[in-house]
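Fold and geometry: a report
Residue strings, one per chain:
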Amino acid sequence: METCFIFAKTCSVIFFETRFLAEADAFLATLDARAAIKLLYNIDLAQQTNDPKLFKKLNKDIWEFRLRYSGIQIRLLAFWDKTDRNKALVFATHGFIKKVDKVPANEITRAENIMIKYFDAKEKK
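Residue indices follow the written sequence of each chain, beginning from 1 at its first position. Given that this is a predicted model, residues contribute local features only at a pLDDT of at least 70 and side-chain atom pairs are listed and counted only at 80 or more, while totals for whole chains, interfaces and linings are drawn from all residues. Each side-chain value is worked out from all heavy atoms of the structure, with water and hydrogens disregarded.

1. Considering the overall build of the protein
Only DSSP runs of H or I reaching four residues or more are called helices, and only runs of E reaching two or more are called strands; each is numbered from the N terminus. Assigned secondary structure in the protein consists of three helices and five strands. Going from N to C terminus, the protein has its helices and strands arranged as β-α-α-β-β-β-β-α. Computed over the C-alpha atoms, the radius of gyration of the protein is 15 Å, within 12% of the 14 Å expected from 2.2 N^0.38 for a compact globule of 125 residues. Seen through its C-alpha atoms, the protein measures out along the principal axes to roughly 45 × 40 × 25 Å. Partly exposed residues are those whose accessible area sits between 20% and 50% of the maximum for their type, while under 20% is buried and over 50% is exposed, using a 1.4 Å probe and protein chains only. Per-residue burial over the protein gives 37% buried out of 125 residues. Whether two residues touch is decided by their heavy atoms; if any such pair falls within 4.5 Å, the residues are in contact. Residue pairs at least 24 apart in sequence account for 49% of intrachain contacts in the protein once pairs closer than 6 positions are excluded. For the area figures, the Shrake-Rupley method with a 1.4 Å probe applies, and any residue is considered shielded solely by the protein chains shown. Accessible area of the protein: about 8,200 Å², with a carbon and sulfur share of 55%. The reference for a compact globule is 2.2 Å times residues^0.38; the radius of gyration itself is calculated from the C-alpha atoms.

So, in structure tokens, the structure goes:
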């Protein structure tokens, strides 16, 4: 799917649209205003580029939006919903401040559980 916005004769390609689930929204609300703005800016940029510094695959299903801000590493985990052929959606599950080099396994498991609940609820509709 391509979406073009014409501002001064430029064209932007949007590869996916990001939606925030409840836990991701709650995490964003806990961040410093500048950190939240920077994270949202990086998500917007990730939607237009294929930069693994911004949006990186962690395993088969889970991805992470990445931000280093004021010496801290902020992560927002996400998954893809490609069930609608016209629109690729990425759902942010939850966020956390990363304190070690690797993403903790329990955070990935938490994102996987949220993803399973999302698709289960979607099937029941």
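2. Things to note about unusual backbone geometry
Phi at S70 takes a positive value of approximately 50°, unusual for a residue other than glycine. Within the secondary structure, S70 sits in the loop between β3 (62-69) and β4 (72-81).

3. Digging into the confidence of the model for the protein
Within the protein, residue pLDDT values average 88, and 90% of them lie at 70 or more. Scored from 0 to 100, pLDDT records how confident the predictor is in each individual residue. Contacts for the low-pLDDT stretch residues 1-9, under 50 throughout, to residues beyond four places or in other chains number 13 contacts.

4. Observations regarding the sheet that holds strand β5 (residues 89-98)
Strand pairing is assigned whenever DSSP detects at least two bridges linking the two strands. On the basis of which strands lie adjacent, the open sheet formed by five strands has the order β1-β5-β4-β3-β2 and mixed pairing. Either end of the sheet is taken by a strand with one partner, and the two such strands are β1 (17-20) and β2 (55-57). Taking each pair of neighbouring strands and ignoring which way they run, the sheet shows an average axis angle of 35°. As defined by bridge partners, β3 adjoins β4 across eight bridges and the pair is classed as antiparallel. Axis angles are defined between N-to-C directions and span 0 to 180 degrees, where every axis is a line fitted to C-alpha atoms and, for a helix, only to the segment in contact.

5. Observations regarding the pairing of β4
The buried count for β4 comes to eight of ten residues, which makes it a mostly enclosed element. Joining the antiparallel neighbours β3 and β4 is a turn of two residues, in which S70 adopts a positive phi near 50°. Where β4 and β5 come together, nine bridges link them in antiparallel fashion. Bridging across to β5, W80 finds its partner in V90.

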